[in-house]
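Working through the structure, step by step
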Amino acid sequence: MTEQAQGRPTGTGHVLHIGMHKSATTAIQVAAAAARERLAASGVVYPGEGSHHSDETAYLWTAKRAVADSPAAERRWSAFVADVAATGSRAFISAEHLAAAKPDRIRRIADDLGDDVRVVLTVRNFVSMLPSIWQQYIKERRTVAYEAWLEDVFGPEPGSRTTPNFWPRHDLGELVERWAAVLGPERITVVVLDRAHPERVYRAFETVLDVPEGTLQPQRINAFQANRGLSLEEVELLRRVNLRLSHEDWPAPLYRPAVRGGLVGGLQRLHTPDEAEGVLALPDRWLDTAVAVAEKGVAEALAAGVEVIGDLQEYARRPAPRGDLPTTTREVSPEVLGTAIAGLASRAVAAGVGFHGVKKEKTPTLLAQAPASDALDAALAVPARGTASLRVLAGADDAAAAIAAGLEPGVAQGLAERLLHRRLAREAGSAATEQSPPLVALSGDAAALVSAGWLDAWTPDEVRRALDALEGPAVVTLELPDLTDAISAAWERAVAFRGAHGLDAWAAWATSPSAWGAWGALPDPAALADVVEVLASHPRVGRERIVLQPAPRTTRRMTALELETLAAAARAWQGRRAETHGIAAVTLLGAMPGLRAARPFEASPSVVPSRLLARYEKARRGAVRRIERLVPPASAELAAAWARQADASPAPLPAEAPTRLAVDQAAAGCLGALSVAMGRGRSFDEGADAGWMGETHGREAGTIDLVMPPIG
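Residues numbered from 1 in each chain as written. Predicted model: local features only at pLDDT ≥ 70, side-chain atom pairs only at ≥ 80, totals over all residues. Heavy atoms only, no water.

In terms of regular secondary structure, the chain is built from 28 helices and 15 strands. On the principal axes, the C-alpha backbone points of the chain span a range of 100 × 55 × 45 Å. Of the side-chain charges in the chain, 77 are positive and 86 negative, and the distance between the mean point of each set is 4 Å. (Helix = DSSP H or I, 4+ residues; strand = E, 2+ residues; numbered from the N terminus. Lys, Arg positive; Asp, Glu negative; His and termini not counted. Charge placed at Lys NZ, Arg CZ, Asp CG, Glu CD.)

Written as structure tokens, this is what we have:
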């Protein structure tokens, strides 16, 4: 029969809470941190300023040799012990990782804190812990699937190959025996969580600490602080992302803020899972094995003679059968994916977890200066003598167009991000931060140049200044923007930052002359004629050196599910005083291209009706009339054909349209966002390494207000 001890005060010894993981450790730690003054009034210190002591105790519990053998880690522990001793008070120390400490480190704890230290182990039902424990491993960037993990930890071989610290942390009998062998069973207290009375865990700790009842109180903490469990869709998305992230490219100091604090934190703070996302549980076929393990642990703990507060049989309680529930999923809802992308964007612009670090109902901001790009700056052309060839790109996906033109991926991404900032700055009415469009040399050849954005990012005077920098004549190939491409890109921008959703409603605004050239609207056709006039009149170019060519299509229209994804992401930052360029780069230059790359031929039924394009087509014809007299005949014919373009024909929907995205496509969207946030181009490109965006935005960078009213 389980001992139902009420607990006893510890006397003069320190109290060390060692876990288990997933047994209300965060709740206890947050309560203790909030009660520092009340604890101190009773002669107990909760050391430090944070909510737990995992970092200070890492020398004692880590299995990583680099830390376990580190003099710096040992010095940190020794300094922590000295600080505790200097208080002259009993200390309450909590770090759930300590459960896995080896005997030599347990002896070190006894030597440093005293043989009268009391160790407290919190436990909950073993079967219910298993899904939470596996999820925690995935949050710590493991990649093993749930079913494979269960087969590993309960397999015939002792231990766990995929998670070696699982049994040292969670084998109740072995854990108790390991600590009791050094400290003695009389120094070990096991506190069992009571599902019906969760407040009793605080009373148990008050008893052990010998402080008045009510000293420790539950705290209201958000879902990220509480480390809310993930739905089946959420955790499978995270696992798929982990599979693609190498430890070399994503060391722990980068993974934790970007993925743990960004992707996971965004989901926990911004999203409440629904039933359709799936709940992870232990399949019935594993119940007998798990309960047998738990019963053995209970018997061994009781035999060891440790103190127990609560009913230890709860640890081995057999839950009611639930059937063999799914343990994985192949689909993810747009709401889950959009929220994950928003979480990544929030960390990339240093806006806290899920944008909760910036004010609500405030004007968004924009960096006053475009972020630096060493790759782009290094590729800028040096004026060359002789005739140069200059291609001015007009593909809606700037990075894809630049890569297709021959630029290195890192250079192409730098150009795309600079153009993105430039367009946003024009929307903000900001003075130009660039004096002229960048002219980029292909492979170091100063005579073969590439530029972009002349029709919507730069004024005619700025284009003229770029041409003035040439020391000799130039043949300029000016691309004519594809109408379908332009519609696809403009719609994405409007969904992301202007609250657009339905294509027809957006198109009614985007095709009106008053909107042309605005963020999220179609470009003004007159801009093409303005640029041609500059080229025809410039002494470096002239009429005979202008070549017009159709721009290749560089993007595809959003599907309905991708639209829902982007709209879900946008809801997270709308009305927040967050930096817009970084958000736009992560989503529009990272996540959305990632989704398209994973499904390049995905069809969209969305098309702008010809009646809404009538005014726009008329304006294009007017621009062509200005152009025809300024370019050679062949180019004039191409311009006339350009004016007659219509939006692409819609693709028929399947009989049963999907309601969720494939999880591999969803992961590709997250990885695109991560790559841009990390400064690695759009897909962890070779040679691209601009650094973590969060560091740039975390500094005191100058910003300007960016007012972008919603459509309608």
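After presenting the structure, the write-up continues.
Taken in spatial order, the six strands make up an open sheet running β2-β3-β1-β4-β5-β6, and their pairing is parallel. This sheet does not close on itself; its edge strands, each paired only once, are β2 (44-45) and β6 (307-309). Looking at chain direction, strand β1 (residues 15-17) and strand β4 (residues 118-123) are connected through three bridges and run parallel. Residue Leu16 lies in a different strand from β4, and its bridge partner there is Val119. (Pairing = 2+ DSSP bridges.)

A word on the sheet that holds strand β9 (residues 388-393). Within a sheet, adjacent strands bond to each other through the backbone by hydrogen bonds, running parallel or antiparallel. Strand order in the open sheet made by the five strands is β10-β11-β9-β12-β13, with mixed pairing throughout. Strands at the two margins of the open sheet, each flanked by one partner only, are β10 (440-442) and β13 (546-550). Strand-to-strand twist across the sheet, computed as the mean angle between neighbouring axes with direction ignored, equals 30°. Direction of pairing for β9 relative to strand β11 (residues 445-452): parallel, over a ladder of five bridges. By the bridge assignment, Val392 is partnered in β11 with Ser451. Helix α26 (residues 633-643) rests against β12 (474-480) and β13 of the sheet, and its axis sits at about 35° to β13. (Axes fitted to C-alpha atoms, helices over the stretch in contact; angles between N-to-C directions. Contact = heavy atoms within 4.5 Å.)

What follows concerns the packing of helix α24 (residues 580-598) against helix α27 (residues 663-678). Viewed as axis vectors pointing N to C, α24 and α27 meet at an angle of 145°, and their least axial separation amounts to 7 Å. Note on packing geometry: the crossing formed by α24 with α27 is right-handed. Contact residues: α24 offers Ala585, Val586, Leu589, Gly590, Ala591, Gly594, Leu595 and Ala598, while α27 offers Gln665, Ala666, Ala668, Gly669, Gly672, Ala673, Val676 and Ala677. Residues belonging to the contact of α24 with α27 are distributed by class as follows: 11 nonpolar, five polar and no charged. (Left-handed = near helix turned anticlockwise from the far one by under 90°. Nonpolar A, V, L, I, M, F, W, Y, C, P; charged D, E, K, R; others polar.)

The biggest cluster of nonpolar side chains holds 156 residues, and the ones touching the most others in it are Trp149, Trp179, Phe355 and Trp506. The biggest single contributor to this core is α27, with 10 residues. Sequence-distant contacts of Trp506, that is, excluding residues within four places in its chain, are made with Ile487, Ala490, Trp491, Ala494, Ala500, Gly520, Leu522, Val608 and Ile711. Ranked by size, the runner-up nonpolar core spans 51 residues in total, among them Ala388, Val392, Leu442 and Leu449. (Core = buried A, V, L, I, M, F, W, Y, C linked by side-chain atoms within 4.5 Å. Buried < 20%, exposed > 50% of the residue type's maximum accessible area, 1.4 Å probe, protein only.)

Attention now moves to the pairing of strand β3 (residues 90-94). With five of its five residues buried, β3 lies for the most part within the structure. Covered by surrounding structure in β3 are Arg90, Phe92 and Ser94 together with Ala91 and Ile93, the residues of both alternating faces. Bridge count between β1 and β3: three bridges; the pairing is parallel. Residue pairing for β3: Val15 is matched across the bridge by Phe92. Relative to β3, β2 is paired through two bridges, and the arrangement is parallel. Within β3, the position partnered with Val45 by the bridge is Ala91.

Right, let's get into the pattern of salt bridges. Scanning all chains against the criterion turns up 38 salt bridges. One salt bridge connects Arg142 with Glu140, and the closest N-O pair in it is separated by 3.9 Å. For Arg142, a relative accessible area of 24% puts it in the partly exposed group. Each of Glu74, Arg108 and Asp112 takes part in one network of salt bridges that share partners. (Salt bridge = Lys/Arg side-chain N within 4 Å of Asp/Glu carboxyl O.)

Purely geometric stuff here, so don't read any function into it on its own.
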